[in-house]
Amino acid sequence: MELKRVAVFSSKPYDKHFLDAANSAGGLQLEYFENRLRQSTMKLTEGYDAVSCFVNDIVDRPVLEQLVANGIRMIALRCAGFNNVDLDAARELGVQVARVPGYSPESVAEHTVAMMLSLNRKLTKAYNRVKEHNFDLDGLLGFNLQKSTVGIIGTGKIGLATMRALSGFGCKILCYDPYPSEQAAALGEYCDLERIYRESDVISLHCPLTEDSYHLVNENSIAQMKDGVMLINTSRGALVNAQHALDGMKQGKIGYLGLDVYELEGDIFFRDLSGKVLHDDVFALLLSYPNVLVTGHQGYFTKEALEEIGQTTVANLQAHFDGRTTGNEL
């Protein structure tokens, strides 16, 4: 029986390692492209039976129409988010889209807490000082998380894992989600967003990107926050209006900013741009601030998470070709 061919876009060596391990039985013929899937790379999909995409691939109606024209009716996302896919068009065109709904939520939760601690205790500044044999502590003052109020926006798997981690520090945890859970209620107090903005020393975003959550952090919401608030986003870049966040930092409203995602990250993250000029003035200015910590969408990047992504992606593809469902279909 001829193997089904799958074009894996936005792939890196680590993607190949974990996907090949998950496909060890050889049920699929996986071929890897570092290119991102978009209209300009559609030629690469010719001759394949399915494609696999990541967070910054553009799967809009024109791309979907071309995939169908090439005989492809399966898209296996290697992520939980799907805001980069036109699902209405996919359904209309008969293209099945499956995702990886959960992969080691602790990986993102632990990265979130690492960003909080790094910003609070100014670890990057301290590291650079000591490398230069400067052991002065002036300018490195932090605060105890144990006495802080942390607002968690979004109490799904990752938000819940973050709450569990923070409960060990003895934080007072406030949380918000349109769909409350008993598990989260046992760790924190549900309240409205206004109270989270008003009372939180630290605010961490863990919600999906929807029409309602787009630019959730904006000029109005920032104005309601405590002076010097710490804001962390390890969820979706467009939850934060970057220009408004920058303005909030200039005004002293935001005292610390940690971003593992960025609204316009598509042409920046997962690439080596060292030695090149960034053409995003807002992002470049944010990087220049000493109280800003940016990581390149690496919150998910642990061995356990990549193993789960590989296994679930291969299972989704095999189920499609076998005429089965996994429950991961959108």
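Residues numbered from 1 in each chain as written. Predicted model: local features only at pLDDT ≥ 70, side-chain atom pairs only at ≥ 80, totals over all residues. Heavy atoms only, no water.

Participant: Just checking my understanding: could you explain the sheet that holds strand 1 (residues 4–8) for this structure?
Facilitator: Sheet strands line up and pair through hydrogen bonds in the backbone, either parallel or antiparallel. Read from one edge to the other, the open sheet built from 5 strands follows the order 2-1-3-4-5, with strand pairing classed as parallel. Bordering the open sheet on either side are strand 2 (28–32) and strand 5 (96–98), each of which pairs with just one other strand. Neighbour-to-neighbour, the strand axes of the sheet open up by a mean angle of 20°, direction not taken into account. Bridge analysis of strand 1 against strand 3 (residues 50–53) gives 3 bridges, and the strand direction is parallel. (Pairing = 2+ DSSP bridges. Helix = DSSP H or I, 4+ residues; strand = E, 2+ residues; numbered from the N terminus. Axes fitted to C-alpha atoms, helices over the stretch in contact; angles between N-to-C directions.)

Participant: How should I be thinking about empty space enclosed by the protein in this particular structure?
Facilitator: In this approach the atoms are scanned with a rolling probe the size of a water molecule, which exposes any empty space left behind. Going through the model one piece at a time under the given rule, you end up with 2 cavities of 30 Å³ or more. Together, Y14, D15, F18, L19, R78, L306, I309 and G310 line the largest cavity. Looking at which element gives the most residues to the lining of the largest cavity, the answer is helix 1 (residues 13–22), with 4 residues. Of the residues assigned to the lining of the largest cavity, the class counts are 5 nonpolar, 1 polar and 2 charged. Estimates place the volume of the second largest cavity at around 30 Å³. Lining the second largest cavity we find N233, G237, V240, A242, L259, V261, Y262 and E263. Among the residues forming the lining of the second largest cavity, the class breakdown is 5 nonpolar, 2 polar and 1 charged. (1 Å grid on protein atoms, 1.4 Å probe; cavity = no way out; pocket = protein on both sides within 12 Å on 5 of 7 lines; lining within 4 Å. Points joined across faces, edges and corners; volume = space filled by probe spheres on them. Nonpolar A, V, L, I, M, F, W, Y, C, P; charged D, E, K, R; others polar.)

Participant: I keep staring at the packing of helix 4 (residues 105–120) against helix 6 (residues 157–167) and nothing clicks. Help me out?
Facilitator: Each packed pair of helices is defined by two parameters, the angle between the axes and the distance between the axes. For the pair helix 4 and helix 6, interaxial distance at closest approach is 8 Å and the crossing angle is 50°. On the basis of their axis angle, the class for helix 4 and helix 6 is oblique. Both helix 4 and helix 6 take part in a crossing whose hand is right-handed. Contacts from P105, E106, V108, A109, T112, V113 and M116 in helix 4 reach K157, I158, A161, T162, R164, A165 and L166 in helix 6. (Parallel < 35°, antiparallel > 145°, perpendicular 65-115°, else oblique. Left-handed = near helix turned anticlockwise from the far one by under 90°. Contact = heavy atoms within 4.5 Å.)

Participant: Please clarify how unusual backbone geometry should be interpreted in this entry.
Facilitator: What you tend to see is this: most non-glycine residues have negative phi, and most peptide bonds are trans. Despite not being glycine, S104 shows a phi value in the positive range, around 45°. The residue S104 is located in the loop between strand 5 and helix 4 in this model. A positive phi angle is found at H215, which is not glycine, with a value near 50°. In this structure, H215 sits in the loop between strand 9 (202–205) and helix 9 (219–223).

Participant: What should I look at first to understand helix 10 (residues 242–250) in this one?
Facilitator: Every α-helix carries 3.6 residues per turn, so stepping three or four residues along brings you back to the same face. Those residues of helix 10 that fall on the buried side of the exposure criterion are A242, A245, L246, G248 and M249. Burial along helix 10 is one-sided: seen end-on, the buried residues are contained in an arc of 160°. Of the surrounding elements, those touching the buried residues of helix 10 are helix 9, strand 11 (254–259), helix 11 (281–287) and strand 12 (292–294). The residue sitting at the N-terminus of helix 10 and contributing the capping side-chain oxygen is N241; that oxygen lies 3.2 Å from the backbone nitrogen of Q243. Looking one or two places after helix 10, you find G252, whose phi comes out positive at around 85°. (Buried < 20%, exposed > 50% of the residue type's maximum accessible area, 1.4 Å probe, protein only. Arc of directions from axis to C-beta. Polar contact = N/O pair within 3.5 Å; in protein donor to acceptor, adjacent residues only side chain to side chain.)

Participant: What should I look at first to understand the pattern of salt bridges in this one?
Facilitator: Side-chain pairs of opposite charge can arise where the charged atoms are in close proximity. What the rule picks out here adds up to 15 salt bridges. K16 is the salt-bridge partner of D20, the closest N and O atoms lying 2.8 Å from each other. Taken as a pair, D20 and K16 lie in helix 1 at a separation of 4 residues, close to a single helical turn. Classification of K16 by relative accessible area gives partly exposed; the value is 41%. Across the pair E46 and K43 runs a salt bridge, and its minimum N-O distance is 3.5 Å. Each of E189, R195, R198 and E199 takes part in one network of salt bridges that share partners. (Salt bridge = Lys/Arg side-chain N within 4 Å of Asp/Glu carboxyl O.)

Participant: Which parts of the structure should I look at to understand the sheet that holds strand 6 (residues 149–153)?
Facilitator: Reading across from one edge, 8-7-6-9-10-11-12 is the order of the 7 strands in this open sheet, with parallel pairing throughout. Edge positions in the open sheet fall to strand 8 (189–190) and strand 12, since each of these has one partner strand only. Pairing analysis gives 2 bridges linking strand 7 (residues 172–176) to strand 8, with the strands arranged parallel. Bridged to L174 within strand 8 is E189. Along the sheet, helix 4 makes contact with strand 6, strand 9, strand 10 (229–233), strand 11 and strand 12, crossing strand 10 at roughly 145°.

Participant: Got a minute to help me understand the layout of surface pockets in this structure?
Facilitator: Here the largest pocket defines a volume of roughly 1,200 Å³. Taken together, 43 residues form the lining of the largest pocket, with H206, C207, P208, L209 and S235 sitting closest to its centre. Breaking the lining of the largest pocket down by element, the ones donating at least two residues are helix 4 and helix 6. Per-element accounting of the lining of the largest pocket gives the leading share, 3 residues, to helix 6. Of the voids in this model, the second largest pocket is the one considered here, and its volume is about 400 Å³. Lining the second largest pocket we find 20 residues, and of these V55, N56, N83, N84 and E263 sit closest to its centre. A breakdown of the residues in the lining of the second largest pocket according to their chemical character gives 7 nonpolar, 7 polar and 6 charged.

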